Amino acid sequence: MDIATAQSMVLETLQRAANQNAEILKPAELKLKEWETEPGFYSILLNIFSNHSIDVNVRWLAVLYFKNGVDRYWRKTAPNALSEAEKSTLRQGLVSNFQEPINQIATQLAVLISKVARFDCPREWPELVPTLLTAVKSEDPLIQHRALLMLHHVIKTLSSKRLAGDRRLFQELTGNVFSFVLNLWNSHVENFLAQVNTNNNEMGATLEKALLALRILRKLTVHGFKKPHESTDAVHFLNMVFDRAKTMLECRKSLRSRGTNLLELCEKFIIHLTKVLIAVLEHHPFSYVDLIQPSLEFAVYYVFTPSGETLLFERFIIQCLNLIKGILLCAEYKPAKVIEETKEPGTLRAHQIKMSFFTANTLTEMCRKLVTHYFLLTRDDLELWDSDPESFATDEGGESWKYSLRPCTESLFLALFHEFRVTLSPVLLEMIQNNHALVSPSDLNAILRKDAVYNAVGLAAFDLYDEVNFDQWFSTTLTQELKVKDDNYRVIRRRVVWLIGQWTGVKLSPELRPALYAATLPLLQGDEDMAVRLTASNTLKLAIDDFEFNTDQFLPFLEPSFALLFTLLKEAHECDTKMHVLYVLSFIVERVGFAIRPYSGSLIQYLPLLWEESAEHNMLRCAIVSTLVHLVKALGTVSESLSPFLLPVIQLSTDVQQDCHVYLLEDGLELWLAVLENSSSMSHDLLQLFRNMPPLLEYSSENLRTCFYIIQANILLSPEEFLNVYGELIVSSCNDMLSDMRSEGIVMTMRLVEMCLRASPNLSTELVKPMLPRIFEAIYRGEEYPMVMSMYLSIMGRILLCSRDVFSQVIAKVAQNISETQETVLNKILDVWLDKMALVTQLERRKLLGLALASLLTAQSSAVLERFCGVLLNVTEALNDIIKTDDMGIQIDSLLLTEHSSPGQDDDVDYETEHDHRRKQLAVSDPVHTIALRDYFQSQMSELQNQVGASQFEQLMQTVDIETLEQVREYIVL
């Protein structure tokens, strides 16, 4: 097929792919996908998007397909990679396209070229940067702009490469082009300023080119020099930044009447100048030392003096605040505690510059300005509060909040206060004193000033620990201010209850906690402002979260607080608000436990409705599931009545076929476990729920531990029923996973296998048989970590105690697998057992292995009798560990559970959950806790003597060394 025909086909298909009709669009997309790996396809795309007469949407699509193709097929090692010949042709075509008239396509083309440059520049594409620099010098403004745009994206991409070789190449490139770009930037800025004075229509295009050059300079300065302060050009550029910023701020005043676009572009240019300073400070702090003084003077002049105020705009204020904060918090500028011990000269110099700048007067003025000006709620804040109190209350701390002005001022205030606490504490204490008295509800300005001061005191709580008697302040002024119900006073009520929350974990006496709860409850009432109620709920959560929280103190307030929070939950409209309140409710349930039972009915009835309403809000559903976990734990078996709601929630949350499982899975598994642990019996629906588990075992490695706990809880709840239905599936899954597991995972899996053997020995012995050869072979090799070997030996010991026949069958299977005789395998396994048993540290496992070894004494096995001394030694050492002397001086087996310690004799209150009760019951039936090892050892030795006769028994005893024999005689009669 000739190129013209192919191009016609691709063009027609792109036109269909640009159609809004899905029936036309989908087949076209599939055809384009099919052509992605065809030779010549990208050359045709290049021709199409370079042809300005073709429809813009079609050209846009062509660029996007080309760009995606670069990602997939440009790398030499990629499957279906483009040929070197075609790539060479494409590179030539890409850098001859400087007259693209459409801005969006020009940007995509620049990004596309930068992606190719990441792979090929400079080795396969050495002419790229020289070509772009030549085009930048063009007299044609469009060519000049497009070349600058491409150069910006290429430099941006190359600067992001982090390998040492790539960084060296970028530094070489920087050395070659920096001076040229700096002069170009200077020229464009000067042209722009001249055009502003003459009101030239081209000033927008000129400023745009100046901004592109500035962006290039930023990347070159930050990533192109090891030490920017050693480059004359870089130092010259950085010093120019301050003057250019001052000039552009003045210029901005005159542009306010000349159109929004130009004003926005000017502001973007100013912001980018500050970004240069912040980036160099972050990446090259020691190169920035000489810039600390001018940076601080620059930022403080504009943000904290009346002269600079007239030129400000919000984003610029934020950048200036971040620049000051960056200098304050820079770790390289902090000397050792003993300043003379600081080794880095740059650190000492930076510290000295900081200290000389931040005089007491400067710090005082900055602190006052931050609190009395920048902390004040604005008219916009109050309007938002009126129109949308939920957003006003919950936005603080949210994603959008982080990038607004107030958190930046608060962050700088904290940094200043923390570093200069001695100087600033008296300033803030004076502000507290001046705003201490109750203010008139009609004086909104005084209310806003007090709000700002209280905000500062809350932020600096830790640093003011020794300066403020918060108990006294809380008991007098603050509690009185909470009682003033005037509408304007909502500002103070909200701030005071927030302030109490901030200080609760810092300095509030435990005996005042009841007063705190009593003061908070009225603020949760339905007639209170919504923002105040939400803030009060958060303070309540902080108080309950504190390590000094006393449940008994809170119990008198539990019923009203829970009821009020539940009402707040129902009345809230925003998803984020409901999540917040639900989190507080959930926290209360977690902290007070069983005490919540009388008050939880309303919440339990409401949650199913909220669940249905939140179908499109996965994060709210996460909060619901998390709350259900705590509720189930608090309600215990009472929660079984909730099964019709709980089980479908678990079903949805843990179904990997559902998209929402990504959000709900972790909490859903916790809920599943909580339901099992608090169920008194297995229901059909609960058993069916386990159908969700196999995919989770296969794909969800991060939740494997919880999955295993769920399996164990199912086994304990109904061993026979559960293992009959799912036992083979569980063993098969575990067996498949073992080969890819580290030691921790193997131990976890073996504990699960052990649980099966303990809960249903006869059934499980057959079930786990497919896994046993792997376990026995691992023991045969004897190379496992101690913990893993301990578990393997324990499993083998239980198999021996359950069924000696199965033990023999597994030995035979291992012998077959490794092509050895059964005798060889048994000998080696016994040798490893006797050698490694000392590594087993847990008393229960040592006794288990002692019982299993003792059981072998009567197996009539020559392999066992040949190791008679070793068997006796290990059994007696196990006895040494578990035999204790009671108060009467009688030796007892410390692991035996008598009738007195049986759960049947205990009060149910001793058990946190039904699951714990079942675990105790299981322990009572475990041979480790029901068989006295000493008695069993005596019985087995007597049986052995009967089996072999007195003469051979005496010969066996002669193989035992004197020390071991003496130990044996301490426990049994020979």
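Residues numbered from 1 in each chain as written. Predicted model: local features only at pLDDT ≥ 70, side-chain atom pairs only at ≥ 80, totals over all residues. Heavy atoms only, no water.

So, on to the overall build of the protein chain. What the protein chain contains, in helices and strands, is 50 helices and 2 strands. On the principal axes, the C-alpha backbone points of the protein chain span a range of 120 × 90 × 70 Å. Counting the 974 residues in the protein chain, one finds 53% classified as buried. Put simply, 73% of the contacts in the protein chain that link residues at least 6 apart link residues at least 24 apart. Within the structure as shown, the protein chain displays about 43,700 Å² of accessible surface, and the carbon and sulfur contribution to it stands at 49%. Put simply, the protein chain has 89 plus and 124 minus side-chain charges, and the middle of one group is 8 Å from the middle of the other. (Helix = DSSP H or I, 4+ residues; strand = E, 2+ residues; numbered from the N terminus. Buried < 20%, exposed > 50% of the residue type's maximum accessible area, 1.4 Å probe, protein only. Contact = heavy atoms within 4.5 Å. Areas by Shrake-Rupley, 256 points an atom, 1.4 Å probe, with all protein chains shown as cover. Lys, Arg positive; Asp, Glu negative; His and termini not counted. Charge placed at Lys NZ, Arg CZ, Asp CG, Glu CD.)

Time to look at the packing of helix α30 (residues 601-613) against helix α31 (residues 618-635). The N-to-C vectors of α30 and α31 enclose an angle of 155°; their axes lie 11 Å apart at closest approach. Judged on the interaxial angle alone, α31 and α30 are roughly antiparallel. The element α30 and its partner α31 pack so that their crossing is left-handed. Two secondary-structure elements touch here, α30 through Leu603, Ile604, Leu607, Leu610, Trp611 and Glu612 and α31 through Leu620, Arg621, Ile624, Val625, Thr627, Leu628, Leu631 and Leu635. When the residues that make up the contact of α30 with α31 are grouped by side-chain class, the tally is 11 nonpolar, 1 polar and 2 charged. (Axes fitted to C-alpha atoms, helices over the stretch in contact; angles between N-to-C directions. Parallel < 35°, antiparallel > 145°, perpendicular 65-115°, else oblique. Left-handed = near helix turned anticlockwise from the far one by under 90°. Nonpolar A, V, L, I, M, F, W, Y, C, P; charged D, E, K, R; others polar.)

Another aspect to go through is the side chain of threonine 876. Inspection of the secondary structure assignment puts threonine 876 in helix α46 (residues 868-882). Polar contacts involving the side chain of threonine 876 include one to the main-chain carbonyl oxygen of leucine 872, which spans 2.9 Å. At 2.8 Å, the side chain of threonine 876 and the backbone oxygen of leucine 873 are in polar contact. Those residues within four positions of threonine 876 in sequence are excluded, and the remaining contacts are Phe937, Gln967, Val968 and Tyr971. (Polar contact = N/O pair within 3.5 Å; in protein donor to acceptor, adjacent residues only side chain to side chain.)

A few words on the packing of aromatic side chains. Using the criterion set out here, one finds 33 aromatic pairs in the structure. Ring plane angle 90° and centroid distance 5.2 Å describe the contact between phenylalanine 357 and phenylalanine 358, whose orientation is recorded as edge-to-face. Looking at phenylalanine 358, the relative accessible area reads 4%, which means it is buried. Aromatic side chains tyrosine 583 and phenylalanine 587 sit 6.1 Å apart centroid to centroid with 55° between the ring planes, which places their arrangement in the tilted category. Of the two residues, tyrosine 583 and phenylalanine 587 are both situated in helix α29 (residues 575-592); the distance of 4 residues between them amounts to about one turn of the helix. (Phe/Tyr/Trp six-rings, centres within 6.5 Å; stacked < 30°, edge-to-face > 60°.)

Time to look at helix α25 (residues 490-504). Taking 1.5 Å per residue as the helical rise, α25 with its 15 residues ought to reach 21 Å, and the 21 Å between its terminal C-alpha atoms agrees with that figure. In terms of residue burial, α25 counts as a mostly covered element, since 14 of its 15 residues are buried. (Expected span 1.5 Å × (residues − 1).)

With 357 residues, the main nonpolar core has Phe66, Trp185, Phe413, Ile588 and Trp833 as its most contacted residues. Sort the elements by how many residues they give to this core and helix α12 (residues 260-283) lands first, with 13 residues. Apart from the residues within four sequence positions on either side, tryptophan 185 is in contact with Ala210, Ala213, Leu214, Leu217, Phe237, Met240, Arg244, Phe269 and Leu273. (Core = buried A, V, L, I, M, F, W, Y, C linked by side-chain atoms within 4.5 Å.)

All told, the structure shown has 38 salt bridges when counted by the stated rule. A salt bridge links glutamate 267 to arginine 315; its shortest N-O distance comes to 3.1 Å. Remark: arginine 315 occurs in helix α15 (residues 314-329) and glutamate 267 occurs in helix α12; sequence separation between them is 48 residues. On the accessibility criterion, arginine 315 (40% relative accessible area) is partly exposed. With its nearest N and O atoms 3.2 Å apart, the salt bridge here joins arginine 368 to glutamate 430. Taken together, the positions of arginine 368 in helix α17 (residues 360-374) and glutamate 430 in helix α22 (residues 421-434) put the pair 62 residues apart, joining distant regions of the chain. (Salt bridge = Lys/Arg side-chain N within 4 Å of Asp/Glu carboxyl O.)

Turning to a positive patch on the surface, a few remarks are in order. On the surface, a cluster of positive charge is made up of Arg75, Arg118, Arg162 and Arg167. You can see arginine 167 is positioned in helix α9 (residues 164-198). Residue arginine 167 is classed as partly exposed on the basis of its relative accessible area of 39%. (Patch = residues over 30% accessible without salt bridge, like charges linked within 9 Å, V, L, I, M, F, W, Y side chains within 5 Å.)

Moving on, we come to the environment of alanine 452. For alanine 452, the location among the structural elements is in helix α23 (residues 444-459). For alanine 452 and valine 371, which are 81 residues apart along the polypeptide, the C-alpha to C-alpha distance reads 5.8 Å.

Let's shift gears to helix α11 (residues 232-255). Here α11 is 24 residues long and its end C-alpha atoms lie 33 Å apart, about the 34 Å a rise of 1.5 Å per residue gives. The sharpest bend along α11 reaches about 30° and sits at valine 241. (Bend = angle between axes of the 7 residues up to and from the residue.)

The subject of this paragraph is the state of the cysteines. Counted by the stated rule, this structure contains 0 disulfides. Distance from the sulfur of cysteine 707, which forms no disulfide, to the nearest cysteine sulfur (cysteine 734) is 11 Å. Residue classification places cysteine 707 among the buried positions, given a relative accessible area of 0%. Looking at the unpaired cysteine 756, the closest cysteine sulfur is the one in cysteine 734, lying at 7.7 Å. Residue classification places cysteine 756 among the buried positions, given a relative accessible area of 5%. (Disulfide = S-S within 2.5 Å.)

With that settled, consider the confidence of the model for the protein chain. When the pLDDT values of the protein chain are averaged, the result is 92; 97% of them are 70 or greater. The low-confidence segment residues 397-402 (pLDDT under 50) makes 7 contacts with residues lying over four places distant or belonging to another chain. When the criterion is pLDDT under 50, residues 903-911 qualifies, and its contacts beyond four places in sequence or with other chains add up to 14 contacts. (pLDDT = per-residue confidence, 0-100.)

Below, the discussion takes up a nonpolar patch on the surface. A contiguous nonpolar patch, built from Met619, Val662 and Tyr663 and spanning about 320 Å² of accessible area, is present on the exposed surface. Mapped onto the secondary structure, tyrosine 663 falls in helix α33 (residues 661-677).

Following cysteine 121, the chain continues to proline 122 via a peptide bond in cis, the omega torsion being 5°. Looking at the secondary structure, you find proline 122 in the loop between α6 (103-120) and α7 (128-136). Residue asparagine 80 is not a glycine yet carries a positive backbone phi of 60°. By relative accessible area, asparagine 80 is classed as exposed at 52%. The residue glutamine 860 is not glycine, and still its phi comes out positive at about 55°. Mapped onto the fold, glutamine 860 is located in the loop between α44 (843-856) and α45 (862-866).

Moving on, we come to the side chain of arginine 59. Structurally, arginine 59 is set in helix α4 (residues 56-73). By relative accessible area, arginine 59 is classed as buried at 1%. Of note is the side chain of arginine 59, whose polar atom sits 3.2 Å from the backbone oxygen of phenylalanine 49. Sequence-distant contacts of arginine 59, defined by excluding residues within four places in its chain, comprise Ile48, Phe49, Asn51, His52, Ile54, Glu100, Pro101, Ile102 and Ile105.

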